[in-house]
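The residues making up each chain are set out below.
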Amino acid sequence: MLKTCANPHCHQSFEITPDEETFLKKMTFTFGKESINPPLPVFCPECRLRIRTCHRNERAFYKRKVANGKEMVSIYHEEPLWGESDIVFTPEDWNDHKRDGMGQGRAYDFSRPFFDQFANLHKASPRMGMMLLANDNCDFTAGTAYSKNCYLINSSEYDEDCLYGKLYQSCRSSVDCSLLYGSELCYDCFSVYDSYNCTSVSFSKNCRDCLFSTDLIGCSDCCLCSNLHKKQYHFGNKPLPKEEYLQKIEEFRGSHTKMEEMKQKLAELRKSMIHRAVHIVNSEDCTGDFIENSQRCTECYDVNESQDSRYVTVGVNVKDVYDCSNMYLKPELAFETLGTIETYNVAYCLYVFHSQNLLYCEYCFSCSDCFGCSGLRQKKYCILNKQHTKKEYEELMPKIIEHMQSAKEFGRFFPSTLSPFGYNETLAQEYLPLTETEAKERGFYWRTVTDKKPNVTKTIDASDLPDAIEQIPDDVLNWAVVCEATKRPFRIVKQELEFYRRQRLPIPHLHPDERYDRRLALRNPRKLWHRSCAICQKEISTTCAPERTEKVVCEECYLKEVY
Ligand SMILES: [Zn+2]
Ligand SMILES: [Zn+2]
């Protein structure tokens, strides 16, 4: 079925496939004798992704006062963009078991639209200042758990001594990486698995002591290499005697200028190497990119061990999940939802954990059969945070849904005006970037932040820093370095300086945010295009846009070339 996106700024035509219709029939909310299914979406998949992910801030952190009078680092700026004040709790206060979150309960008012009523509840409800779980010394991190001594990382678990970046999983002593899994002593790496002591390596697995390389599998001691499998002592994809190789590495190690030259060469290499159309490994009937061990996942990105899903970005172990992002620990039957752990049958929700049968809820933990609630714990049959009996709930819910249907609200995700974040603070900006004007035209907030003047003894332009790490004095910890690209000042922290010295790496010349963005730019957009394989000319679907000049090849040709 072909539809036109209801967003007036988009109006793209989009398809609703038979599997989507089947899925929505499978997803049922039962209220006594009545049951309802979510309706077909009215927005295109891209608008759905945008409106969902504008509710997730992973990396804009602010020091602020919270409800108990203490100061903490939070993802919520002290001045909410919707103009009224907010209530932010420390994770300890939020997790206090005496708190059930029922303070703001109110009766459903059939004379007002639901989203208006929910907005009042949402703004009056407390929020957890930072999503943190069982960490030790990780105050400047967001969405992290079971980690120790980490700094400015997000969406990460089981890490130790990791600094700057996103999606570190079970990593040790690594700096400036994103999408790093089971690795140690890595620096400036992107999408790297089970590797050790690698610098500026991307899209690689099982590597040791590799530098300035991309697409390596099971390699060690390789530099400026690409598309290699099980090689050692290679420089520029050519074998070298060990001594000669090591000497070549010594020539640039620790010097900012020389290592920048190597990065330039790596950028050149990316233009000439072959690129896999998409990264789909050990999976059947899947489309999208970065999918592993999955079956029947369509247009999914960053998904593994998953089944029968569509339009998912970041999902682990998901089943029957459509139009969702950041879904973890076996969510089953979820629709238009962001940020879950272990849920069953939830739709139009934000951050609901260990819960089932929820509609339009946010920050609800261990709840079931609730509607339009915010911040509840261990509750059942609640509407707008008000406790009802089972009978009342079953009688009210069909009426509420009918009321929402008449206002054209049912089936739409929370409006973007309910997001406490500026568009530019959120994951939406990472996936689907907009300028300030574009974002505001589309009804999103925008956060303009000016860096506070750092409290330092000296401010130095990055280009005036000594070139070699050996020449950097301890005093650099008291300086602010001015980023070469953005002119934003940034600091070097002690743990970081020790890492650079130990690893013989130069001090970065770019602000951490700029480094973060440049790493993410290595990734193709989450969108599929058709083009033909650069070797066999077969038609392929790929995340590499047709106008780009990289050599993109089909999986068969890729395997033939590399293995
Ligand atoms: Zn659209
Ligand atoms: Zn081919």
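Asker: Sorry, what's going on with the overall build of the protein here?
Answerer: The number of helices and strands found in the protein is 12 helices and 41 strands. Relative to the 2.2 N^0.38 estimate, which gives 24 Å for 563 residues, the radius of gyration of the protein is 25 Å and therefore close to what a compact globule would have. Judged by the C-alpha coordinates and their principal axes, the protein covers about 80 × 60 × 40 Å. Of the contacts formed within the protein by residues at least 6 apart in sequence, a portion of 34% connects residues at least 24 apart.

Asker: What am I meant to see in the sheet that holds strand E38 (residues 489-490) here?
Answerer: Hydrogen bonds between backbone groups are what pair the strands of a sheet, and the pairing can be parallel or antiparallel. Within the open sheet, the three strands sit side by side as E36-E37-E38. Their pairing is mixed. The sheet is open, and its two edges are formed by strand E36 (458-461) and E38, each paired on a single side. As paired elements, strand E37 (residues 479-482) and E38 share two bridges and run antiparallel to each other. Looking at E38, one finds that Val482 is bridged to Pro489.

Asker: I would appreciate a short explanation of the domain arrangement of the protein in the present structure.
Answerer: Put simply, an interface is often sized by how much accessible area is lost when its parts join up. Taken domain by domain, the protein consists of domain 1 (133-276), domain 2 (458-520) and domain 3 (529-562). Placing a centre on the C-alpha atoms of domain 1 and another on those of domain 2 gives a separation of 18 Å. The partner domain 2 presents 18 residues to the 20 residues of domain 1 that form the contact. For the side of domain 1 that touches domain 2, the secondary-structure elements that each account for two or more residues are strand E11 (151-157), strand E12 (160-166), strand E14 (172-175) and helix H6 (256-272).

Asker: Explain the nonpolar core here, please?
Answerer: One finds Val312, Cys349, Leu358, Cys361, Cys364 and Cys370 to be the most contacted residues of the largest nonpolar core, which totals 76 residues. The element best represented in this core is strand E30 (residues 332-347), accounting for six residues. Formed by 56 residues, the second largest nonpolar core is a distinct cluster that contains Phe89, Tyr164, Cys171 and Val175.

Asker: What is the right way to read unusual backbone geometry from this model?
Answerer: Residues apart from glycine generally show negative phi values, whereas peptide bonds are mostly found in trans. Unusually for a residue other than glycine, Glu299 sits at a positive phi of about 45 degrees. In this structure, Glu299 sits in the loop between strand E26 (295-298) and strand E27 (300-304). Its identity as a non-glycine residue notwithstanding, Gln378 has a phi of 50 degrees, on the positive side. Along the chain, the position of Gln378 falls in the loop between strand E33 (368-371) and strand E34 (380-383).

Asker: Got a minute to help me understand the environment of Phe23 in this structure?
Answerer: As for its placement among the helices and strands, Phe23 is situated in helix H1 (residues 18-26). Judged by C-beta crowding, with 21 C-beta atoms within 10 Å, Phe23 ranks as buried. Sequence separation between Phe23 and Leu246 is 223 residues; the distance between their C-alpha atoms is 57 Å. In this structure Phe23 touches Asp320 and Tyr322, once residues within four positions along its chain are discounted.

Asker: Looking at this structure, how should I read the pairing of strand E15 (residues 178-181)?
Answerer: Relative to E15, strand E13 (residues 168-169) runs parallel, the two being bridged by two bridges. Residue pairing across strands places Gln169 opposite Tyr181, the latter belonging to E15. Direction of pairing for E15 relative to strand E16 (residues 190-193): parallel, over a ladder of three bridges. Its bridge partner being in E16, Tyr181 is matched across the sheet by Tyr193.

Thresholds, definitions, all that
- Residues numbered from 1 in each chain as written.
- Chains lettered and ligands numbered in written order.
- Predicted model: local features only at pLDDT ≥ 70, side-chain atom pairs only at ≥ 80, totals over all residues.
- Helix = DSSP H or I, 4+ residues; strand = E, 2+ residues; numbered from the N terminus.
- Rg over C-alpha atoms; globule rule 2.2 N^0.38 Å.
- Contact = placed C-beta atoms within 7 Å.
- Pairing = 2+ DSSP bridges.
- Domains from an automatic or database assignment.
- Core = buried A, V, L, I, M, F, W, Y, C linked by C-beta atoms within 7 Å.
- Buried ≥ 20, exposed ≤ 12 C-beta atoms within 10 Å, placed from the backbone.

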